[in-house]
Amino acid sequence: MSMKSAIHDTSTTNKKSDDLEDLGHMSSSNSQIACSESGLPDGGFRAWGTAFGCFLMQFCGFGYLSSFGVYQDYYTRIYLANYPPSTISWIGALTAFLAVNVTLISGPLYDRGWFYRLMIVGSLLQSISLFALSFAKPGQFYLAFMVQGVLAGIGMGLTYATSIAVVSQHFSKKRTLVMSLVTSGTPLGSMVHPIMLNRLLNGTVGFARGVRISAGFVSALLLIACLIMRTRGLPVPTVGYTTIGFYYPLFYLQLDSAKHDIDINISFYSLVILNAACFIGRCTTGIVATYIGVLNFMIASTVACSAVIISMIALSDVASVVAIGLLYGYFSGVFAALWVPLVAVFTPNLSELGARMGICFAFTAFSGLVSGPISGALLGPQYRWWIPSLVSGIISLVGSSMFVAMRLMLYRRERKENHP
């Protein structure tokens, strides 16, 4: 199928299943593999073992990063109470920034056959960063910043996109299905890690032992992943992504709940609720997009996310926390699942796909870097929650309008093609 027809299919509101599979094929292979598509086994023990290892990488990478809201809450209230929330949020923001932008380095290295070295070094850095964090004392912001922000960010950047790209070497027809299962490791990790961290940090175990237990758990999973993942072809670079409004609820929903004197158990589980809905959103995106179209579903999800972020102004009780967590979690999961296929569809020459994604994600990664600290600065020491909620929501709404403009451009192009 030509790229021109792929764009045409994306702009329609009622796509066929095989058209969506073509979109999934392009997005999940962000690269061409040295061997032909027809030569892929599309399964087998080695392939599924690799997929499971990649799932574990997502679980321990961005799945752990997405639980930073637990650290944000604990640092703000207890461990780094002398620092404002905006300063503390730089830790998580830098982790996300490096996890995305380091892929601009890990991609070419992956292209040169460094997959195993990237996985081993990246996993070691993630493991060491957590064990080193456990030795941080109350008030030692810069130690937490270096090991949790810098070291962990670099480690995730070496493994994140690389562990997604390698799946395309083992699957062809099942690629879309397997990619959705692999990336679901992120929201699943975002459910498990907050429960564990909240119980450990806020229980009788304490910070040091709690972080070490968490580090041991993550290290064991990373070791399993490194042992079972395999390659079978020569890949080309790939990249990860983030966006400006994405991290505000992840960083501040739990703290927002706690500061409104909502039941502490509900506050601790707010991120779990959010990420459970995100998991459902990612897993169901392919089915829904089959009927309404990739770009249309992207517009709906971004507008919904913007509305939910603004509605955080009204957060005041248990019902509002649950509603915000469920709605934002679902639609942010949809957004995350659709972003890469959408970029791939608008790439006329697949040999340019890595470069285009690198440019696109470099800009969005910078947005992710500054979004958390800016929201913290807007929040201020008086905790004026309506200001960052409104600003983040409006910025996200402006981003949604760009997708609407894209949809109009595609509609005009389609009309010109049908009526030359």
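Remember, it's a predicted structure, so these values are computed and weren't measured experimentally.

So, how was this worked out
- Residues numbered from 1 in each chain as written.
- Predicted model: local features only at pLDDT ≥ 70, side-chain atom pairs only at ≥ 80, totals over all residues.
- Heavy atoms only, no water.
- Phe/Tyr/Trp six-rings, centres within 6.5 Å; stacked < 30°, edge-to-face > 60°.
- Helix = DSSP H or I, 4+ residues; strand = E, 2+ residues; numbered from the N terminus.
- Buried < 20%, exposed > 50% of the residue type's maximum accessible area, 1.4 Å probe, protein only.
- Lys NZ or Arg CZ within 6 Å of the ring centre and 35° of its normal.
- Expected span 1.5 Å × (residues − 1).
- Core = buried A, V, L, I, M, F, W, Y, C linked by side-chain atoms within 4.5 Å.
- Domains from an automatic or database assignment.
- Contact = heavy atoms within 4.5 Å.
- Patch = residues over 30% accessible without salt bridge, like charges linked within 9 Å, V, L, I, M, F, W, Y side chains within 5 Å.
- Areas by Shrake-Rupley, 256 points an atom, 1.4 Å probe, with all protein chains shown as cover.
- Salt bridge = Lys/Arg side-chain N within 4 Å of Asp/Glu carboxyl O.
- Axes fitted to C-alpha atoms, helices over the stretch in contact; angles between N-to-C directions.
- Parallel < 35°, antiparallel > 145°, perpendicular 65-115°, else oblique.
- Left-handed = near helix turned anticlockwise from the far one by under 90°.
- Nonpolar A, V, L, I, M, F, W, Y, C, P; charged D, E, K, R; others polar.
- pLDDT = per-residue confidence, 0-100.

Asker: Looking at this structure, how should I read the packing of aromatic side chains?
Answerer: Given two aromatic rings, one states the distance between the centres and the angle between the planes to describe the pair. Inspection of every chain in the model, using the stated rule, returns 15 aromatic pairs. Plain terms: the ring middles of Tyr79 and Phe207 are 4.1 Å apart, the flat faces sit at 25° to each other, and that makes the pair stacked. Here Tyr79 is found in helix H5 (residues 68-79), whereas its partner Phe207 is found in helix H12 (residues 207-228), with 128 residues between them in sequence. For Phe207, a relative accessible area of 5% translates into the label buried. Each residue in the set Tyr64, Phe68, Tyr71, Tyr74, Tyr75, Tyr79 and Phe207 is aromatic and connected to the rest through ring pairs, giving one cluster. Geometry around Trp114 places Arg117 over its ring, the cationic atom sitting 4.3 Å from the centre. Over the face of the ring belonging to Phe135 we find Arg212, whose NZ or CZ atom lies 4.7 Å from the ring centre.

Asker: Help me understand helix H16 (residues 294-311) in this model?
Answerer: Residues three or four positions apart in an α-helix share a direction because the helix packs 3.6 residues into each turn. Between its first and last C-alpha, H16 extends 26 Å over 18 residues, near the 26 Å set by a 1.5 Å rise per residue. Taken across its 18 residues, H16 has 13 buried, putting it largely inside the fold.

Asker: In this structure, what is going on with the nonpolar core? I would like to understand it.
Answerer: A general feature of soluble globular proteins is that nonpolar side chains tend to end up buried together. Within the largest apolar cluster, 79 residues are counted, with the highest numbers of intra-cluster contacts made by Tyr71, Tyr75, Leu133 and Phe207. When residues of this core are assigned to domains, at least three fall in each of domain 1 (42-235) and domain 2 (236-419). Sequence-distant contacts of Tyr75, that is, excluding residues within four places in its chain, are made with Leu80, Ala81, Ile88, Ile91, Leu133, Ala144, Gln148 and Phe207. Counting 13 residues, the second largest nonpolar core, distinct from the first, contains Met298, Trp339, Phe403 and Leu410.

Asker: Could you clarify how one ought to interpret a nonpolar patch on the surface in this entry?
Answerer: A surface patch of nonpolar side chains, about 560 Å² in accessible area, is lined by Ile313, Trp386, Leu390, Ile394, Val398 and Met402. Along the chain, Trp386 falls in helix H19 (residues 386-418).

Asker: Mind showing me how you'd approach the packing of H5 against helix H11 (residues 185-201) here?
Answerer: Think of two packed helices as two axes; the pair is described by the angle between the axes and how far apart they sit. Following both chains from N to C, one finds H5 and H11 inclined at 20°, their axes separated by 9 Å at the closest point. The angle between H5 and H11 places the two elements in the roughly parallel class. In this structure, H5 crosses over H11, and the sense of that crossing is right-handed. Together, Val70, Tyr71 and Tyr74 of H5 and Pro194, Leu197, Asn198 and Leu201 of H11 make up the contact between the two elements. Residue composition of the contact of H5 with H11, grouped by class: six nonpolar, one polar and no charged.

Asker: Even after reading the chapter, I still don't get the packing of H11 against helix H15 (residues 270-292), so can you show me in this structure?
Answerer: At a minimum axis distance of 8 Å, the contact between H11 and H15 shows a crossing angle of 165°. On the basis of the axis angle, H11 is roughly antiparallel to H15. Along this stretch, H11 crosses H15, giving a crossing that reads as left-handed. For the pair H11 and H15, the contacting residues are Thr186, Pro187, Leu188, Ser190, Met191, Pro194 and Ile195 in the first and Leu271, Val272, Asn275, Ala276, Cys278, Phe279 and Arg282 in the second.

Asker: Just checking my understanding: could you explain the confidence of the model for the protein chain for this structure?
Answerer: Mean pLDDT for the protein chain: 76, with 76% of residues reaching 70 or above. Model confidence for the protein chain, summarised as mean pLDDT per element, is weakest for helix H2 (residues 17-28) at 36 and strongest for H12 at 94. Across residues 1-38 the pLDDT falls below 50, and counting only partners more than four positions away or on other chains, this stretch makes 99 contacts in the model. Contacts from residues 350-355, a stretch scored under 50 in pLDDT, to residues over four places away or in other chains number ten contacts.

Asker: Please clarify how H12 should be interpreted in this entry.
Answerer: Under the 1.5 Å per step criterion, the end-to-end length of H12 is 32 Å for 22 residues, consistent within 8% with the ideal 32 Å. Those residues of H12 that fall on the buried side of the exposure criterion are Phe207, Gly210, Val211, Ser214, Ala215, Val218, Ser219, Leu221, Leu222 and Ala225.

Asker: What is the right way to look at the environment of Leu338 in this model?
Answerer: Tracing the backbone shows Leu338 in helix H17 (residues 318-345). Leave out the neighbours within four places in its chain, and Leu338 touches Thr285, Ala289, Val294, Phe297 and Met298.

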